[in-house]
Amino acid sequence: MKVHNFSAGPAVLPQEVLREIQENLVNYKGKGLSVLEMSHRSPDYMAIIEGARARLLKIMGLGDDYTAMFLQGGASTQFLTIPLNFCDDKKVANYIDTGVWSSKAIKEVKILNKKVHIAATSADKDFTYIPKEWKLSENPAYLHITTNNTIRGTEWKIDPDVPAGVPLIADMSSNFLSRPLDFSKYDMIYGGAQKNIGSAGATFVVIKKSMLEKCNKGLSTMMDYNTHASKDSMFNTPPTFAIYVIGEVLKWIENNGGLEGLQKINEEKAAYIYDVIDSSDFYHGTVVQEDRSFMNIPFRLPSEELEKKFIEEAKAKNMLNLKGHRSVGGCRASTYNSLPMESAKALAEFMKEFEKNNS
Ligand SMILES: *Cc1c(COP(=O)(O)O)cnc(C)c1O
């Protein structure tokens, strides 16, 4: 039995990818050993990581002026390494604060005692929208945004414009590769792989090579982006199996129409659920319509008792992980790339039925 998995992460993976991995788990493509057992420096493994890197840049439409790294420590470690690498005594880290994850990123800058400026925030309305205007500080080191707010369910619909010379850095953990973006507007894109492009354990960092020249000198070896970039993520043992999973998901993305194809599917999936919310007085969405996420859909019911009942009855119908993040409550359906269309349909149908039976 397979469940409908609405988890915010680690999240659902494509069935095809899981089967491919299963078939090759013990004896990878007839090589006589598992990817789990391979030396990261063996030719077979090198082909896996280099294939994943090349495929990633190709899907993003990026050229030689960018490189992609697969690191460890999650997006949360990047919150620290970004200011460590790119801030100095004079430059100011600029952030747009759109909720929990941006706030955590900002906190790390403060711990390092670096200068930080909040260029815009939606805290005034409980992070229910994406700021449309921002004001940078003097001498900005970079502008950092969180393109999809996993917990609140807001998503940037534009790639923000920044003045020439100001690097744009984005945490794309929860909407990476969900639709075409002008990736070349960003100087660095990062995130945990476990939401949209793979399993837990690997962190992707796609960075413009010119950014690497801006890294501070004298950093601890493992904290320095140049360490990992110059060794193609092989300075130390990379998360080999998680990178293999990413490579297989990237092949699946190519086989599903690339980013244009995924955008169509993702919008259709989200529409099933948003349509129920919009045509009902029973359910209500928690963020402004124009900023709604295609990846994480939070919604409330008339009471907390009904929310509890909804989550329990959904579970009995094999629809799992519909509880909202513990910091905001309510319900949340995550509809990432790999969530099958039938899962979105099943949830929409269940929502209608539950409303009929409980209002
Ligand atoms: C999940 C998430 C993170 C944290 O990722 P880890 O890999 O667990 O460190 C950071 N940012 C966003 C937007 C997320 O959704």
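Residues numbered from 1 in each chain as written. Predicted model: local features only at pLDDT ≥ 70, side-chain atom pairs only at ≥ 80, totals over all residues. Heavy atoms only, no water.

**Examining the overall build of the protein chain**
Scanning the protein chain for helices and strands turns up 10 helices and 14 strands. Radius of gyration (C-alpha) of the protein chain: 21 Å, near the 21 Å computed for a compact globule of 359 residues. Its C-alpha atoms give the protein chain principal-axis dimensions of about 65 × 60 × 30 Å. Considering only contacts in the protein chain between residues 6 or more positions apart, those separated by 24 or more positions represent 70%. When the accessible surface of the protein chain is split by element, carbon and sulfur atoms take 50% of a total near 15800 Å². Distance from the positive charge centre (43 side chains) to the negative charge centre (44 side chains) of the protein chain: 3 Å. (Helix = DSSP H or I, 4+ residues; strand = E, 2+ residues; numbered from the N terminus. Rg over C-alpha atoms; globule rule 2.2 N^0.38 Å. Contact = heavy atoms within 4.5 Å. Areas by Shrake-Rupley, 256 points an atom, 1.4 Å probe, with all protein chains shown as cover. Lys, Arg positive; Asp, Glu negative; His and termini not counted. Charge placed at Lys NZ, Arg CZ, Asp CG, Glu CD.)

**Brief notes about the packing of aromatic side chains**
Here a ring pair, both rings aromatic, is described through the centre-centre distance and the interplanar angle of the planes. A full pass over the atoms with the stated rule returns 16 aromatic pairs. For the pair phenylalanine 241 and tyrosine 244, a centre-to-centre distance of 5.4 Å together with 65° between the ring planes defines the contact as edge-to-face. Of this pair, phenylalanine 241 and tyrosine 244 both sit in helix α7 (residues 240-255), 3 residues apart, which is roughly one turn of that helix. Judged by its relative accessible area of 22%, phenylalanine 241 falls in the partly exposed class. Accessibility expressed as a relative area gives 2% for tyrosine 244, which makes it buried. Here the aromatic rings of tyrosine 283 and phenylalanine 299 are separated by 5.9 Å at their centres, their planes lie at 80°, and the arrangement is edge-to-face. With tyrosine 283 in the loop between α8 (258-278) and β11 (284-285) and phenylalanine 299 in strand β12 (residues 296-300), the pair connects residues that are 16 residues apart, well separated along the chain. Judged by its relative accessible area of 1%, tyrosine 283 falls in the buried class. (Phe/Tyr/Trp six-rings, centres within 6.5 Å; stacked < 30°, edge-to-face > 60°. Buried < 20%, exposed > 50% of the residue type's maximum accessible area, 1.4 Å probe, protein only.)

**Overview of helix α9 (residues 304-316)**
Compared with an ideal rise of 1.5 Å per residue, which puts 13 residues at 18 Å, α9 spans 19 Å between its outermost C-alpha atoms and is within 8% of the ideal. Turning to α9, its buried residues number three or more, namely Leu306, Glu307, Phe310, Ile311 and Ala314. Buried residues of α9, viewed axially, fall in a sector of 135°; they line one side. Among the exposed residues of α9, those oriented more than 90 degrees off its buried face are Glu305, Lys308, Glu312, Lys315 and Ala316. Buried residues along α9 sit in contact with β12, β13 (319-320), β14 (331-334) and α10 (341-358). After α9 finishes, the residue asparagine 318 shows a positive phi value of roughly 65°. (Expected span 1.5 Å × (residues − 1). Arc of directions from axis to C-beta.)

**Some points on the domain arrangement of the protein chain**
Split by domain assignment, the protein chain resolves into domain 1 (16-255) and domain 2 (257-358). Averaged C-alpha coordinates put domain 1 and domain 2 at centres separated by 27 Å. Each partner contributes to the interface: domain 1 provides 28 residues, whereas domain 2 provides 25 residues. Across the interface of domain 1 and domain 2, roughly 2200 Å² is buried in total on both sides, 56% from carbon and sulfur atoms. Considering only the surface of domain 1 that becomes buried against domain 2, Ile151, Lys157 and Pro180 emerge as the three largest contributors, covering 21% of it. In this structure, the connection of domain 1 to domain 2 is made through 2 salt bridges. Linking domain 1 with domain 2 are 16 residue pairs in polar contact (both at pLDDT 80 or more), by the criterion used here. Counting residues per element, the ones that place at least two in the side of domain 1 that touches domain 2 are β7 (154-155) and α7. The greatest single-element share of the side of domain 1 that touches domain 2, amounting to 4 residues, is contributed by α7. By residue class, the composition of the side of domain 1 that touches domain 2 is 11 nonpolar, 10 polar and 7 charged. (Domains from an automatic or database assignment. Buried area = accessible area lost by both parts, 1.4 Å probe. Salt bridge = Lys/Arg side-chain N within 4 Å of Asp/Glu carboxyl O. Polar contact = N/O pair within 3.5 Å; in protein donor to acceptor, adjacent residues only side chain to side chain. Nonpolar A, V, L, I, M, F, W, Y, C, P; charged D, E, K, R; others polar.)

**A short note on the state of the cysteines**
Tallying each qualifying case throughout the model produces 0 disulfides. Distance from the sulfur of cysteine 87, which forms no disulfide, to the nearest cysteine sulfur (cysteine 215) is 11 Å. A residue is classified by how much of its surface remains accessible, and cysteine 87, at 0% relative accessible area, is buried. (Disulfide = S-S within 2.5 Å.)

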